[in-house]
Amino acid sequence: MKTVRDEPMVSARKRSRADLAVAAAPSKRLSAVDTPPASSPSEGGGGHWTFLTNHSHVLVLLSRNPSLVLREVALHVGITERAVQRIIADLESGGVIEREKVGRQNHYRILTDQPLRHVVTARRTVGELLTLINGSYR
């Protein structure tokens, strides 16, 4: 005999990032970062793309809250924790951020005087980018 379930069983690996973000999101804590939710590809038409890279998204989030844990950064950006680890390693090796251990957490300091890495934007600094995006560097 076949039983009927209200909801289909979905393994954690097959859930969408949006489902995981909703399930794992603390009630009001995410508002401290002030990041709007990602829009779905169908909302804007023309496919899913953004003007900024995941590296810049991670940098913006860390500028707003230098003590964010990788899981929270990953949820906001919409990438895996491992991808966030690689991005932070890239930003550290590129001299854009410094990591300081505070108890069991990492605290990130952004080196705002570093130039942006692309030849088109090399005349501008990381701090200028963050000021443009955040309104002012915090």
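This text gives an overview of the structure that appears in the document. (Residues numbered from 1 in each chain as written. Predicted model: local features only at pLDDT ≥ 70, side-chain atom pairs only at ≥ 80, totals over all residues. Heavy atoms only, no water.)

As a further point, take the overall build of the chain. Scanning the chain from N- to C-terminus turns up six helices and two strands. Secondary structure elements of the chain, listed N to C terminal, follow the sequence α-α-α-α-α-β-β-α. Looking at the chain residue by residue over its 138 residues, the buried ones come to 22%. Contacts in the chain between residues at least 24 apart in sequence constitute 45% of all its contacts with a sequence separation of at least 6. Within the structure as shown, the chain displays about 10300 Å² of accessible surface, and the carbon and sulfur contribution to it stands at 54%. (Helix = DSSP H or I, 4+ residues; strand = E, 2+ residues; numbered from the N terminus. Buried < 20%, exposed > 50% of the residue type's maximum accessible area, 1.4 Å probe, protein only. Contact = heavy atoms within 4.5 Å. Areas by Shrake-Rupley, 256 points an atom, 1.4 Å probe, with all protein chains shown as cover.)

Glancing now at the packing of helix 3 (residues 54–64) against helix 6 (residues 126–134). Put simply, helix 3 and helix 6 touch, their axes get as near as 11 Å, and they point 75° apart. Taken together, the axis directions place helix 3 and helix 6 in an arrangement best described as roughly perpendicular. Residues Leu59, Val60, Ser63 and Arg64 of helix 3 form the contact with helix 6, whose own contacting residues are Val126, Leu130, Ile133 and Asn134. Classifying every residue of the contact of helix 3 with helix 6 gives five nonpolar, two polar and one charged. (Axes fitted to C-alpha atoms, helices over the stretch in contact; angles between N-to-C directions. Parallel < 35°, antiparallel > 145°, perpendicular 65-115°, else oblique. Nonpolar A, V, L, I, M, F, W, Y, C, P; charged D, E, K, R; others polar.)

By size, the foremost hydrophobic cluster in this structure holds 21 residues, and its most contacted members are Val58, Leu59, Leu62, Val73, Ile88, Leu91 and Ile97. Of all the elements in the fold, those that place two or more residues in this core are helix 3, helix 4 (70–77), helix 5 (81–93), strand 2 (105–110) and helix 6. Residues in contact with Ile88, not counting those within four places in the same chain, are Val58, Leu62, Leu70, Ile97, Arg99 and Tyr108. (Core = buried A, V, L, I, M, F, W, Y, C linked by side-chain atoms within 4.5 Å.)

On the surface, a cluster of nonpolar side chains totalling about 410 Å² of accessible area is made up of Trp49, Phe51 and Leu52. With respect to the helices, strands and loops of the structure, Leu52 is situated in the loop between helix 2 (41–44) and helix 3. Classification of Leu52 as partly exposed rests on a relative accessible area of 31%. (Patch = residues over 30% accessible without salt bridge, like charges linked within 9 Å, V, L, I, M, F, W, Y side chains within 5 Å. Salt bridge = Lys/Arg side-chain N within 4 Å of Asp/Glu carboxyl O.)

Bringing the packing of aromatic side chains into the picture now. In the structure shown here, the tally under the stated rule is one aromatic pair. Taking the centre distance of 4.9 Å and the plane angle of 70° together, the rings of Trp49 and Phe51 count as edge-to-face. We note that Trp49, like Phe51, is exposed. (Phe/Tyr/Trp six-rings, centres within 6.5 Å; stacked < 30°, edge-to-face > 60°.)

Given a rise of 1.5 Å per residue, 13 residues ought to cover 18 Å, and the 18 Å separating the end C-alpha atoms of helix 5 matches this to within 8%. Restricting attention to buried positions, one finds in helix 5 the residues Ala83, Val84, Ile87, Ile88 and Leu91. Within helix 5, the buried residues cover an arc of 135° as seen down the axis, which keeps them to one side. In this structure, the buried side of helix 5 is in contact with helix 3, helix 4, strand 1 (97–102) and strand 2. Just beyond helix 5, the residue with positive phi is Gly95, at close to 75°. (Expected span 1.5 Å × (residues − 1). Arc of directions from axis to C-beta.)

Turning to the pattern of salt bridges, a few remarks are in order. All chains considered together, the criterion is met by four salt bridges. With a shortest N-O distance of 3.6 Å, Arg124 and Glu128 are connected by a salt bridge. With a relative accessible area of 36%, Glu128 lands in the partly exposed category.

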